[in-house]
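Secondary and tertiary structure notes
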Amino acid sequence: MRWLVVLVIACSGSPAPPPARTGPPAAMTATAAPGDVQVATVEGRPVWGSCVTAQTTRGATKQAALDQCIAFELMAIEADNRGLAVDRDVVIATRTALVSELVAREYETKYTKPEDFGNYWTRTLERNRTLFDHPEARGSVYARIEVPKQAPPTADQQAKQLADELYAALATERGLMGPHVSQIAQRVIGSRGKLKVAAVPPEVRTGRLHEAYLAALFAVPEVGRVSPPVRTPWGWDVVLWDSVVPEVHATPDELVKAALPEIKRGYFHYWVNRVAQNLGVKPQLVEQNLPLLENL
């Protein structure tokens, strides 16, 4: 805080215009840390031992550190006399520093392990457990020869024949991707059948996709290869194994390490609300002023 005051004074090469007043004024008197001791007084203002300790950790000798802390108080008095305590920028900077100090002392250093978050930790972890504990998931692309519902057996047989031809063109290929399958399918099938090619997000073996489709996908031996034709409710599919999300089963320690940063970020909102409740404060927006934010 005092560094800010020092910079404000030191950078003024000429008399500054009267500061724009905004209240309440910034606090210009140093406060004691827990267990602090007073080592000097400047015009009734205390100089605390914690200030001297902080300056010695930055490389100053004990006497130099004491001189610096006394100088801080002298400059704070002068800044106060010049009206800088009610300067808008100083007030904002002071409030920002106070908020940062509060968050550092009361949040960052006190919420560091699962039990600090109470039920919030358990609830959040259970909602997101699949991110840290899941079997292998496979992404896929299918080339489907569609067969309408209630189609006669001959239509199903014709679609199966086209799917067999497509599989024959793809079966020996490796390193395939969706665009390759689409190009080859269009060339092989042409206008002889109703072709649909689409990508499917990664899914686990017991996922929500049709059982026959998943069985075909998880029988493919490697990424970039296709399955033999499989009958699904929508037609005959040739399935490409397109991508993989590896199996993960995090240990308790790994789970804490992976989840703590995100849970801590999410819990901050609850912590702020609790501060507001303890203060009996309920923020209110002045709605007619909100359009002004569009210009920022």
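Residues numbered from 1 in each chain as written. Predicted model: local features only at pLDDT ≥ 70, side-chain atom pairs only at ≥ 80, totals over all residues. Heavy atoms only, no water.

1. Points about the state of the cysteines
Convention followed: For this text, the term disulfide refers to a pair of cysteine sulfurs within 2.5 Å. For the purposes of this entry, the term helix denotes a DSSP run of H or I that reaches at least four residues, the term strand denotes a run of E that reaches at least two, and both are numbered from the N terminus. Relative accessibility under 20% of the residue-type maximum defines a buried residue, over 50% an exposed one, and the middle range a partly exposed one, all with a 1.4 Å probe and only protein chains included.
In the structure shown here, the tally under the stated rule is one disulfide. Sulfur-sulfur distance for the disulfide between Cys51 and Cys69 comes to 2.1 Å. Every disulfide takes its handedness from the sign of the S-S torsion; for Cys51 and Cys69 that torsion is -100 degrees, giving left-handed. Of this pair, Cys51 sits in helix α2 (residues 49-57) while Cys69 sits in helix α3 (residues 62-81), placing them 18 residues apart in sequence. The class of Cys51 is partly exposed, set by a relative accessible area of 22%. Take Cys69: its relative accessible area is 1%, and that puts it in the buried class.

2. What about the pattern of salt bridges?
When the charged atoms of two side chains lie near each other, side chains of opposite charge can form a pair. What counts is decided by this rule: Basic side-chain nitrogens of Lys or Arg form a salt bridge, by our definition, when they fall within 4 Å of a carboxyl oxygen of Asp or Glu.
Under the counting rule described, the total for this entry stands at 14 salt bridges. With a shortest N-O distance of 3.3 Å, Lys113 and Asp116 are connected by a salt bridge. According to the relative accessible area criterion, Lys113 is partly exposed, its value standing at 37%. In this structure, the salt-bridge partner of Arg208 is Glu203, at a minimum N-O distance of 3.6 Å.

3. Looking at the confidence of the model for the chain
This is how it is decided: Summary of the metric used: pLDDT quantifies the predictor's per-residue confidence within the range 0 to 100. We call two residues contacting when some pair of their heavy atoms lies within 4.5 Å.
In this model, the chain carries a mean pLDDT of 84, and residues with pLDDT of at least 70 account for 84%. The model gives residues 292-296 a pLDDT under 50, and that stretch makes zero contacts with residues more than four places away or in other chains.

4. Concerning the nonpolar core
Formally: Joining through side-chain atoms within 4.5 Å is the link that ties buried Ala, Val, Leu, Ile, Met, Phe, Trp, Tyr and Cys residues into a set, and such a set is a nonpolar core.
Counting residues in each nonpolar core, the largest one holds 19 residues, and the members touching the most others are Leu166 and Leu170. Broken down by secondary-structure element, the contributors of at least two residues to this core are β4 (137-146), α6 (153-170), α7 (178-189) and β7 (235-245).

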